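# Chain and residue survey
As a plain string of letters, each chain reads:
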Amino acid sequence: SGATGRNGGQLVAGRFSKMHGLVEKYGAEEAAKSLAIEEYTVSKILRIIGENGWESAVDLVECRRINLVFNEHELTGIERDIAAARRAKVSGADNVEFLTAEQVEREYGTKYPGYRQPGNNLWPLKLVTKLFQRAQHSAASRNSTRSVLPAASSSTASPSMDLTLHTHTQVLGVRPSSVGGRAYDVETTRGIIRADYVVHATNAYVSQLLPQFTGPENGVLPVRGQVIGTRASVPRGELWSDNFVGNEGFEYWFPRPCPSSERPLIILGGGRESAPWESNVTDDSVLDETVGKTLRGFLPAVYPRAFSEGSEPEFEWTGIMGFTATKDPYVGLISSSDARPSGEYVSVGYHGRGMARAFACAEAIAEMIVAKRDGKT
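A few words now on the overall build of the protein chain. Scanning the protein chain from N- to C-terminus turns up eight helices and 16 strands. In terms of its C-alpha atoms, the protein chain occupies a principal-axis envelope of roughly 75 × 45 × 40 Å. Of the accessible surface of the protein chain, which amounts to about 19,400 Å², a share of 52% is contributed by carbon and sulfur atoms. With 41 positive and 44 negative side-chain charges, the protein chain shows a spacing of 5 Å between the two charge centroids.

The next subject is empty space enclosed by the protein. Throughout the structure, instances matching the rule amount to one cavity of 30 Å³ or more. Here the largest cavity defines a volume of roughly 60 Å³. What lines the largest cavity is a set of 13 residues, among which Thr 230, Leu 295, Arg 296, Pro 300 and Ser 311 lie closest to the centre. Breaking the lining of the largest cavity down by element, the ones donating at least two residues are strand S9 (221-231) and helix H7 (289-302). Tallying contributions element by element places H7 first for the lining of the largest cavity, with four residues. Considered class by class, the residues forming the lining of the largest cavity number seven nonpolar, three polar and three charged.

So, about the sheet that holds strand S6 (residues 184-188). Taken in spatial order, the three strands make up an open sheet running S5-S6-S7, and their pairing is antiparallel. Each edge of the open sheet carries a strand with a single partner, namely strand S5 (171-176) and strand S7 (191-195). Here the strands of the sheet are splayed against their neighbours by 20° on average, with no regard to which way each runs. Summarising the sheet, S5 and S6 pair through five bridges and their orientation is antiparallel. Paired with Pro 176 across the bridge in S6 is Tyr 184.

Turning our attention to the layout of surface pockets. Roughly 240 Å³ of volume is contained in the second largest pocket. Taken together, Leu 22, Tyr 26, Glu 30, Ala 31, Lys 33, Ser 34, Ile 37, Thr 326, Asp 328, Pro 329 and Val 331 make up the lining of the second largest pocket. Contributions of two or more residues to the lining of the second largest pocket are made by helix H1 (19-26) and helix H2 (28-52). Broken down by element, the residue count for the lining of the second largest pocket peaks at five residues, all from H2. Its residues assigned to classes, the lining of the second largest pocket shows six nonpolar, two polar and three charged.

On to the sheet that holds strand S16 (residues 344-348). Pairing is mixed across the open sheet formed by three strands, whose spatial order is S8-S16-S15. The open sheet terminates on both sides in strands that have one partner only, identified here as strand S8 (198-200) and strand S15 (330-333). Ignoring which end each strand starts from, the neighbouring axes of this sheet average 15° apart. In this sheet, S16 lies alongside S15 in antiparallel orientation, the contact comprising four bridges. Opposite Gly 332, over in S16, you have Val 346 as the bridge partner. Of the strands in this sheet, S8, S15 and S16 are in contact with helix H8 (residues 358-373), which crosses S16 at around 170°.

Another point: H7. An ideal rise of 1.5 Å per residue puts 20 Å on 14 residues; H7 measures up with 21 Å between its terminal C-alpha atoms. Contacts from the buried residues of H7 go to strand S2 (61-68), S9, strand S11 (251-255), strand S12 (265-270) and strand S14 (315-323). The N-terminus of H7 is capped by Asp 288, whose side-chain oxygen sits 2.9 Å from the backbone nitrogen of Thr 290.

Enumeration over the complete set of coordinates arrives at 23 salt bridges. Here Glu 39 makes a salt bridge to Arg 15, at a shortest N to O gap of 3.3 Å. Linking Glu 39 in helix H2 with Arg 15 in the loop between strand S1 (10-11) and H1, this pair joins segments that are 24 residues apart in sequence. For Glu 278, the salt bridge identified is with Arg 224, shortest N-O distance 2.7 Å. Taken as a pair, Glu 278 in strand S13 (residues 278-279) and Arg 224 in strand S9 lie far apart in primary sequence, 54 residues in all. Put simply, Glu 38, Asp 328, Arg 353 and Arg 357 are held in one network by salt bridges that share partners.

In a soluble, globular protein the nonpolar side chains are often hidden away together inside. By size, the foremost hydrophobic cluster in this structure holds 23 residues, and its most contacted members are Trp 240, Trp 253, Tyr 303 and Phe 307. Only S2, helix H4 (101-108), S12 and H7 provide two or more residues apiece to this core. The biggest single contributor to this core is H7, with five residues. By size, the runner-up hydrophobic cluster in this structure holds 17 residues, among which are Leu 22, Val 69, Ala 85 and Val 90.

A few words on the packing of H1 against H2. The description of two packed helices rests on the angle between their axes and on the distance between the axes. Contact geometry for H1 and H2: axes closest at 7 Å, N-to-C directions at 135°. Regarding the angle of H1 to H2, the classification is oblique. You can see that H1 and H2 cross each other, and the crossing is right-handed. Where H1 abuts H2, its residues Met 19, Leu 22, Val 23 and Tyr 26 lie against Ala 28, Glu 30, Ala 31, Ala 32, Ser 34 and Leu 35.

To continue, consider the pairing of strand S4 (residues 114-121). Extensive coverage of S4 is indicated by the burial of seven of its eight residues. The pairing of S1 with S4 spans two bridges and is classified as antiparallel. Following the sheet pairing, Leu 11 is matched in S4 by Asn 120. Where S2 meets S4, eight bridges bridge the pair, whose relative direction is antiparallel. The residue bridging Val 61 from the neighbouring strand is Asn 121, located in S4. Taken together, the three bridges between strand S3 (residues 97-99) and S4 define a ladder with antiparallel strand orientation.

Reading guide: rules and limits
Residues numbered from 1 in each chain as written. Predicted model: local features only at pLDDT ≥ 70, side-chain atom pairs only at ≥ 80, totals over all residues. Heavy atoms only, no water. Helix = DSSP H or I, 4+ residues; strand = E, 2+ residues; numbered from the N terminus. Areas by Shrake-Rupley, 256 points an atom, 1.4 Å probe, with all protein chains shown as cover. Lys, Arg positive; Asp, Glu negative; His and termini not counted. Charge placed at Lys NZ, Arg CZ, Asp CG, Glu CD. 1 Å grid on protein atoms, 1.4 Å probe; cavity = no way out; pocket = protein on both sides within 12 Å on 5 of 7 lines; lining within 4 Å. Points joined across faces, edges and corners; volume = space filled by probe spheres on them. Nonpolar A, V, L, I, M, F, W, Y, C, P; charged D, E, K, R; others polar. Pairing = 2+ DSSP bridges. Axes fitted to C-alpha atoms, helices over the stretch in contact; angles between N-to-C directions. Contact = heavy atoms within 4.5 Å. Expected span 1.5 Å × (residues − 1). Polar contact = N/O pair within 3.5 Å; in protein donor to acceptor, adjacent residues only side chain to side chain. Salt bridge = Lys/Arg side-chain N within 4 Å of Asp/Glu carboxyl O. Core = buried A, V, L, I, M, F, W, Y, C linked by side-chain atoms within 4.5 Å. Buried < 20%, exposed > 50% of the residue type's maximum accessible area, 1.4 Å probe, protein only. Parallel < 35°, antiparallel > 145°, perpendicular 65-115°, else oblique. Left-handed = near helix turned anticlockwise from the far one by under 90°.

Next comes the structure, spelled out in structure tokens:
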């Protein structure tokens, strides 16, 4: 179930983010649920990585998340959010630690106060690749077991599994099947796939196939974000390994792992304080020069001893986030008319929090489909 914003790999459960406003709008119990899914996702991903020994393979760094506070308005808002999270008994909210400007300067080399909580970084593509390979192995093992069953029992065994990934294959439409045996025809640029169940995990692009998800009020609004990868001017041994968010959430950054003697690559996203939000934009091939300039100047301004002014990033890219009016994703069975079968599901709209939400949403969809297949719904 794919996030599409491409933030670079911060895996952090929100323990207080926007909590005051969420409580005012939805009540404490519902507001706490929106953060509980992130706590679940992070813990589940870390458990899978640990059980399979993938830590090095996915570049996992278990660290801390620091919210740097740039002004009094931001400080007041965070204090209010933390208080609301604690009243709502959000998991981990009591363990959020306040850091004075002096502490932050001593530990991180910048003169801003902040708040600290557990955090993680990893390489998302490497994790997804490992998950796919594991699923392929499970399918092959199941098929192998099925092939050695006695003839009498093999006739009642589950059908064999074929797990294939088709990249660069656009889906043009989903419609009720024109032939018997399957519920849907999924038309692609490489032909038609026939299926009983279809999952729309296209996040910011969902309205292209499901127009009912168009618009900011009841749909998923595509919003373009921009990220750079820039090199520090000091070796990793002289820098931090934690990940950060700051400037009222406009910027977020973390170092990629490397030997302590090398200068780390920092993944930095944001820069929207200097340019309008690019809403209703799905083209991820264009860079905004104003945003790029803001990103280039950010780290040298915050950490003048660790980053050089005027240095150019090694990488720069954009990604399309899927925003919703409630700030929560749409997950579940799509309402169907009498003319359509009832087997289409959706998992979209992570509101810039796909790393901490998509996995749990995908798990929920998989459980729904299994339950429907087995006649339990």
